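Take a look at the letters that make up each chain.
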Amino acid sequence: MKNDIKLAATALRLSFALLLGISANAAFAQEPRIQGQGIVLQEDEKPAFPHAPEGYDKPRQGIAHGKVDTVTYDSKSLGTKRKMSVYTPPGYDKNKKYPVLYLLHGIGGDHREWTSEDAAHEVLDNLYADKKIVPMIVVMPNGRAQKDDRIPKNIYAGSAAFGEFDKDLIGSIIPFMAANYPVKDDREHRALAGLSMGGGQSLNFGLANTDKFAYVGGFSSAPNTLPPDKIVPDIEGAKKLKLLWVSVGDQDGLITVSRGVHKYLKEHDIKHIWHIDSGGHKPVVWNNDLYLFSQLLFK
Ligand code: FER
């Protein structure tokens with residue numbers, strides 16, 4: 001009898017999960033393309049830096065915290081009002097000027113992902129407390145560039161829209177930041193990075209706009225990443241980047257995407273960091289990538 005009740009309760013919980021659309025995420029976790037079984041690492045596939053220390057992604061007591069605001073801007077390319085998250089650092093002072101990191105989310109997320117599933121604000125707060133990063137504003141937009149930019153039930157349904165986001169980023173978001181925040185508004189003070197779909201976007205858009213971004217990073221970049229022979233439209237421009245970062249987890253089935261980019265960059269003598277993290281297609285990897293990548297910015 002007790003077991004029957006337990007079974008009924010489980011069935012009820014499962015139906016709620018399905019109703020709430022959790023099924024999409026569960027289906028995503030089963031996605032064969034991101035399951036990294038049997039990956040054999042090659043000789044140059046190792047961490048470029050030691051892993052972050054224990055607790056680096058957890059709230060720490062007694063330190064100053066940055067602030068995450070939800071901001072609405074007008075998107076000229078989409079004709080809609082869109083939301084993004086803006087992190088201002090501890091001790092933020094409107095009379096100073098700050099460099100900006102544009103930080104992009106994955107296929108199942110939106111402007112909230114980096115501060116909900118991932119721990120961008122905690123990672124950054126802890127780095128400031130340890131004086132390891134330059135004060136910067138971090139803009140986390142919604143990379144699904146379509147009029148209805150809510151996370152769809154089938155998260156793959158909106159994937160084409162991620163390819164249109166450069167118009168919104170360059171045409172509306174960067175000018176919005178210059179008009180509304182105290183930013184250093186030039187390429188040397190602008191970075192573009194992201195995870196998975198956002199990693200592909202960062203590599204695609206960053207390498208095509210080296211006059212706008214001096215720092216570019218792709219974490220666990222997804223199959224939206226342009227093919228290696230198409231991703232660097234201007235080799236001389238890419239060589240002028242202050243930082244080009246390509247990383248992926250050693251258990252991520254999408255490792256082939258980043259491998260292809262690294263191989264092409266190496267063959268064309270384009271300086272970059274090739275960092276292999278430990279883990280799968282998961283927030284633990286992306287938090288560590290942000291921890292390492294952010295320390296290399298604007299120095
Ligand atoms: C795919 C597998 C994964 C794909 C995208 C992803 C567009 C994106 C994953 C993520 O953003 O986490 O085949 O195709």
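Above this text you will find the structure in question.
Cut-offs used in this document
- Residues numbered from 1 in each chain as written.
- Predicted model: local features only at pLDDT ≥ 70, side-chain atom pairs only at ≥ 80, totals over all residues.
- Heavy atoms only, no water.
- Pairing = 2+ DSSP bridges.
- Helix = DSSP H or I, 4+ residues; strand = E, 2+ residues; numbered from the N terminus.
- Axes fitted to C-alpha atoms, helices over the stretch in contact; angles between N-to-C directions.
- Contact = heavy atoms within 4.5 Å.
- Core = buried A, V, L, I, M, F, W, Y, C linked by side-chain atoms within 4.5 Å.
- Buried < 20%, exposed > 50% of the residue type's maximum accessible area, 1.4 Å probe, protein only.
- Polar contact = N/O pair within 3.5 Å; in protein donor to acceptor, adjacent residues only side chain to side chain.
- Bend = angle between axes of the 7 residues up to and from the residue.
- Salt bridge = Lys/Arg side-chain N within 4 Å of Asp/Glu carboxyl O.

K.L.:
So what exactly am I meant to see when it comes to the sheet that holds strand β7 (residues 243-249) here?
P.N.:
Strand pairs in the sheet, formed through backbone hydrogen bonds, run parallel or antiparallel to each other. Read across the sheet, eight strands follow the order β1-β2-β4-β3-β5-β6-β7-β8 without closing on themselves; strand pairing throughout is mixed. Across the chains shown, the open sheet's two edge strands, defined by having one partner strand only, are β1 (67-75) and β8 (273-277). Going from strand to strand, the sheet's axes swing by 20° on average, the running direction of each strand aside. Bridge analysis of strand β5 (residues 190-195) against strand β6 (residues 215-219) gives five bridges, and the strand direction is parallel. By the bridge assignment for β6, Gly194 is matched with Gly218. The sheet contacts of helix α5 (residues 197-208) involve β3 (100-104), β5, β6 and β7, and relative to β5 the element is tilted by about 145°.

K.L.:
Would you take a moment to explain the nonpolar core for this structure?
P.N.:
Soluble, globular proteins show a tendency: their nonpolar side chains are buried together. Core analysis: the biggest nonpolar cluster contains 40 residues, and Met84, Tyr102 and Met177 have the highest contact counts within it. No other element matches helix α4 (residues 165-180), which puts six residues into this core. For Met177, the contacting residues outside a window of four places in its chain are Met84, Val86, Tyr102, Ile137, Val139 and Val183. Of all hydrophobic cores here, the second largest spans 32 residues; its members include Ala52, Leu101, Ala191 and Phe298.

K.L.:
How should I be thinking about the side chain of His272 in this particular structure?
P.N.:
Among the secondary structure elements, His272 is positioned in the loop between α8 (255-267) and β8. Only 2.7 Å separates the side chain of His272 from the side chain of His262, close enough to count as a polar contact. Aside from chain neighbours lying at most four places away, what touches His272 is Leu244, His262, Leu265 and Lys266.

K.L.:
When you look at α4 in this model, what are you seeing that I'm missing?
P.N.:
Structurally, the α-helix is built with 3.6 residues per turn, so residues lying three or four positions apart point the same way. At Ile173, α4 shows its maximal bend, which comes to roughly 30°, and the proline Pro175 appears one to four places after that position. Those residues of α4 that fall on the buried side of the exposure criterion are Phe165, Asp168, Leu169, Ser172, Ile173, Ile174, Phe176 and Met177. Contacts made by the buried residues of α4 are with β1, β2 (80-88), β3, β4 (137-140), β5 and α5.

K.L.:
Whenever I open this one, the pattern of salt bridges confuses me. Can you help?
P.N.:
A side chain of one charge can pair with a side chain of the opposite charge if their charged atoms are brought near each other. With the rule as written, the count across this model stands at 17 salt bridges. The partner of Asp69 in a salt bridge is Lys67, and the shortest N-O contact between them spans 2.9 Å. Notably, a salt bridge pairs Arg190 with Asp185, separated by 2.8 Å at the nearest N-O pair. Take Arg190: its relative accessible area is 8%, and that puts it in the buried class. Residue Asp185 is classed as partly exposed on the basis of its relative accessible area, which comes to 44%. Salt bridges sharing partners connect three or more residues here, namely Arg82, Asp149 and Asp168.

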